[in-house]
Amino acid sequence: MMGISASTGTGTKTKTLWTPQPKQAAFLRRGEYEGLYGGAAGGGKSEALVMEALRQVHIPHYKGLILRKTFPELEELIEKSLRYYPAAFPGARYHASSHTWRFPSGAKILFGSMHRPADRLRYQGRAFDFIGFDELTHFTWEEYAYLFSRNRPNGPGTRVYLRATANPGGVGHGWVKARFVAAGPPGKTLWESAAVTFPDGHRETRRRSRFFLPASVFDNRRLLENDPAYLDKLALLPPAQRSALLYGDWDRFEGQVFTEWRDDPDHYLDRLGTHVIAPFPIPPTWRVWRGFDWGYSRPFSVGWYAADHDGRLYRFRELYGCAGTPNQGLRWEPARLAREIRRIEHEDPNLRGRAVRGVADPAVFASQGTESVAALMEREGVFFDKADHSRLSGLAQVHHRLAFDGEGVPMLYLFSTCAHARRTLPALTYDQANVEDVDSDGEDHIYDELRYICMANPISPRPVPVRRAVTWNPLDLGG
């Protein structure tokens, strides 16, 4: 599919309605099951997605679905479809009440949304040969993964696949970055395997492919020709927005909670200007803490921290109960988790023989007619105190600790072996309804137990450097 043409009605002449630009054409040529296109603003992502949905409208039983998080956000996509679809396929009709295009062949393309988690059930029992997500980072992993089950053929001869576009930022930033951006080099085909056991007992390994293709405004020559000032608009954005929208930087984006976060491998050894450092033996005179955020269907998080004599914290070990897919828990019972904690504290050289003080979410002490999570863990010899659960004060304490002093030294370090903390902390975004707090729909479990540790070891914010006021004297000519 390298362009869209339509008859002019004069003989056999045709008029080209749309031709993909080189990066769009590369996206349209890909044959993998999943594909993510984008990373910066102005790359022609949405237009390519709207056009991709047309690929199979000549097949009568074909159904496509294009999604945005909320329906008002679909307006621009629908406008693009109104510009191209009826011109390319005379007789195609848009039914506004159902947000559906019907084509002369009988094929359909629907526009939909999933504003709330329950909205995904509107697609239950339905099948779509093609599903396209616009701004994928606005969706949670659960919403995206649920649509896998809806992505199936409506009849013979259709190609079944998913496509998505995205800019950095949003509640889904972390899982989108992990699944597409950080999983391999741009443009490379990535493979995911899973074993399936059949009723007769034999097992087969099934594979599924995906890719990430970055694009930016520099790939959209038409936009820059029509609006050269658009580049200026992106360049003059605040730093985090500029990094994300102009350059497609997945480490800096609008709405990011911990903009001060730095993970610089070049400074793992000297520990300057980075929060992530090389592991080292914890000195025997340092106090050791254990933070705990309970989860069953969601991940649990256990983090071990050492406090040096200056009050600086070091996260040196973690136990994260993730099932291998974003934000899905291992479903361990409290007793099993407690036994694993005891094993780690017996075997880890940085923990063996030490006094470890634990603090945990107050919810684990709640009892509703049965033993609490905390009581079940105490049976196994693992003890916790109730943490201070103050969300905004806790967030402030984490910010205080992440702040660098004039020499580039923070009050919180993480060992480079704490992979889940390095993945989830910088991906956290603010809650759109409560803009002062972290969005709890994100993967915030490590942040929560870090918050408990910080509230148990509070510090004051670093002093703001006082700058000498400079006055201008119009009579001082520098002589």
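Residues numbered from 1 in each chain as written. Predicted model: local features only at pLDDT ≥ 70, side-chain atom pairs only at ≥ 80, totals over all residues. Heavy atoms only, no water.

Trainee: Would you mind showing me how to read the pairing of strand β18 (residues 412-415) here?
Mentor: Each regular strand displays side chains that alternate between the two surfaces of the sheet. Along β18, one buried face is formed by Leu-412 and Leu-414 and the opposite face, lined by Tyr-413 and Phe-415, is buried too. Across two bridges, strand β12 (residues 276-277) lies against β18 in parallel orientation. Bridging across to β18, Ile-277 finds its partner in Phe-415. The sheet contact formed by strand β15 (residues 313-320) and β18 spans three bridges and is parallel. Each bridged residue has a counterpart across the sheet, and for Leu-313 the counterpart in β18 is Leu-412. (Buried < 20%, exposed > 50% of the residue type's maximum accessible area, 1.4 Å probe, protein only. Helix = DSSP H or I, 4+ residues; strand = E, 2+ residues; numbered from the N terminus. Pairing = 2+ DSSP bridges.)

Trainee: Can you walk me through the sheet that holds β15 in this structure?
Mentor: Backbone-to-backbone hydrogen bonds join strands into a sheet, with any given pair of strands oriented parallel or antiparallel. Pairing in this open sheet of seven strands is mixed, and the strands run β12-β18-β15-β14-β13-β16-β17 from one edge to the other. Every interior strand has two partners, whereas the edge strands, β12 and β17 (385-386), have only one. Taken together, the seven bridges between strand β13 (residues 287-293) and strand β14 (residues 301-307) define a ladder with antiparallel strand orientation. In the strand pairing of β14, Trp-289 is matched with Tyr-305. Contacting β13, β14, β15, β16 (356-360) and β18, helix α13 (residues 445-456) runs over the sheet at an angle of about 140 degrees to β13. (Contact = heavy atoms within 4.5 Å. Axes fitted to C-alpha atoms, helices over the stretch in contact; angles between N-to-C directions.)

Trainee: Where do I start with helix α2 (residues 45-52) in this structure?
Mentor: At 3.6 residues per turn, the α-helix brings residues three or four places apart onto the same side. α2 sits mainly inside the fold: eight of its eight residues count as buried. Every buried residue of α2 is listed here: Lys-45, Ser-46, Glu-47, Ala-48, Leu-49, Val-50, Met-51 and Glu-52.

Trainee: Which parts of the structure should I look at to understand the packing of helix α11 (residues 391-402) against α13?
Mentor: Between two packed helices, the angle of one axis relative to the other and the distance separating the axes together describe the packing. Two elements in contact, α11 and α13, have axes whose closest approach is 9 Å; the angle formed by their N-to-C orientations is 85 degrees. Between α11 and α13, the angle is such that the two are roughly perpendicular. Counted together, Arg-391, Ser-393, Gly-394, Leu-395, Gln-397, Val-398 and Arg-401 of α11 and Tyr-447, Asp-448, Leu-450, Arg-451, Cys-454 and Met-455 of α13 form the full contact between these two elements. For the contact of α11 with α13, a count of residues per class yields six nonpolar, three polar and four charged. (Parallel < 35°, antiparallel > 145°, perpendicular 65-115°, else oblique. Nonpolar A, V, L, I, M, F, W, Y, C, P; charged D, E, K, R; others polar.)

Trainee: I keep staring at helix α9 (residues 334-347) and nothing clicks. Help me out?
Mentor: Spanning 14 residues, α9 covers 20 Å between terminal C-alpha atoms, matching the ideal 20 Å at 1.5 Å per step. Within α9, the full set of buried residues consists of Pro-334, Leu-337, Ala-338, Glu-340, Ile-341, Ile-344 and Glu-345. The arc that holds every buried residue of α9, seen down its axis, measures 160 degrees, which confines them to one face. Looking at the buried positions of α9, the neighbouring elements they touch are β13, β14, β15, β16 and α10 (373-378). (Expected span 1.5 Å × (residues − 1). Arc of directions from axis to C-beta.)

Keep in mind these values describe shape, not function.
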